[in-house]
Amino acid sequence: MEIPLVAASAAFIVVVLLVIVYLSIRVVQQYEKMVVFRLGRTNELMVRDPGLRFLVPIIDRPVKVDVREQFIEVPSQTTITKDNAPINVDFLIYWRISDPLKSVVNVVNFPGALQGVATTTLRAVIGDILLDEVLSKREQINEVLRVKLDEVTERWGGKVTTVEIREITPPRDVQDAMNRQLTAERTRRAVVTESEGSRQAAINVAEGQKQAEILKAEGDRQAAILRAEGFSEALTRIYGAASGIDSKTMALQYLEALKALGASPATKFVIPTEFTRLLDPIAGYIERGMGATEGDAPAADR
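In this text the structure is predicted, and so the values were computed from the model without any measurement.

Draft legend 1. Representation of the sheet that holds strand β2 (residues 32–38). Read across the open sheet, the three strands follow the order β3-β2-β5; overall the sheet is antiparallel. What marks the edges here is a single partner per strand, and that holds for β3 (47–48) and β5 (60–66). Of the strand pairs in this sheet, β2 and β3 are connected by two bridges, and their pairing is antiparallel. What sits directly across from Val-35, in β3, is Val-47.

Draft legend 2. Summary view of unusual backbone geometry. Although it is not a glycine, Leu-39 adopts a positive phi angle of roughly 55 degrees. Mapping Leu-39 onto the fold places it in the loop between β2 and β3. Among the residues examined, Leu-39 registers a relative accessible area of 69% and is labelled exposed. At Ile-58, a position not held by glycine, the phi torsion is positive, near 70 degrees. Mapping Ile-58 onto the fold places it in the loop between β4 (51–54) and β5.

Draft legend 3. Fine view of the pairing of strand β1 (residues 25–28). Across the two faces of β1 the burial differs, with Arg-26 and Val-28 buried and Ile-25 and Val-27 not buried at all. One ladder, built from four bridges, connects β1 with β4; its direction is antiparallel. Pairing of Val-27 across the sheet is with Leu-52, part of β4.

How each quantity is defined
- Residues numbered from 1 in each chain as written.
- Predicted model: local features only at pLDDT ≥ 70, side-chain atom pairs only at ≥ 80, totals over all residues.
- Heavy atoms only, no water.
- Pairing = 2+ DSSP bridges.
- Helix = DSSP H or I, 4+ residues; strand = E, 2+ residues; numbered from the N terminus.
- Buried < 20%, exposed > 50% of the residue type's maximum accessible area, 1.4 Å probe, protein only.

So this is what it looks like as structure tokens:
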């Protein structure tokens, strides 16, 4: 009877030791912190870092806290803008635990509390902004929401890192008005672009015509200068040649002209006065020649 009793006692002791070991040893992961409650009380010194940690069985109660960054999705919320336009907004909140002790002691369900605060904060923020600003200033709204949520969650040991609005859905009539406005704006830009192109084309054409007229005028001026220079040079040469011509040469030229007139079939001729003046020397030559001929004839008779 003693052997079975001893064996049972030994087995009981082993089981108790295993239970004590199980209750006294905890493994804390790298992404966790462990808050230890000793007889229901805890403090900052009772927060354990990652690794193998030992507890006092029955007396210590451990609570593990995940300190990785997490996110919650806030479902679509209907809010009213400052100009009384109802819109639906849904967004994401990225957060992490910065103080494990506060996250365990000061709040029961941090994600649920954060979602509730986010809903009310969203309505307060959107209620102070006009509809056009809500649609165009999404980044500013994200930052305002993050700052306000971070101020609230600080007492819970949490840190809101990012707030991202995913979708903003305005009412149907507002969407139709926005589509009409967008169409009108695109039409206006197209008309402005087309008119700008036409204006630039007209400017280019006018500039081309201007350059062509300038080049043409410059060419005409150069041609006129060249013609004038050629005419001046010709006059100079004619004057130089004419200055060396005597009256006999001119008489011979007029005789050649008379030959040409005599060969012409015309019956009427217009003879300049200068031509008759030039004939006077010729007549003188003829008279002197005839006089010389008459003087020779009497001498021969004698």
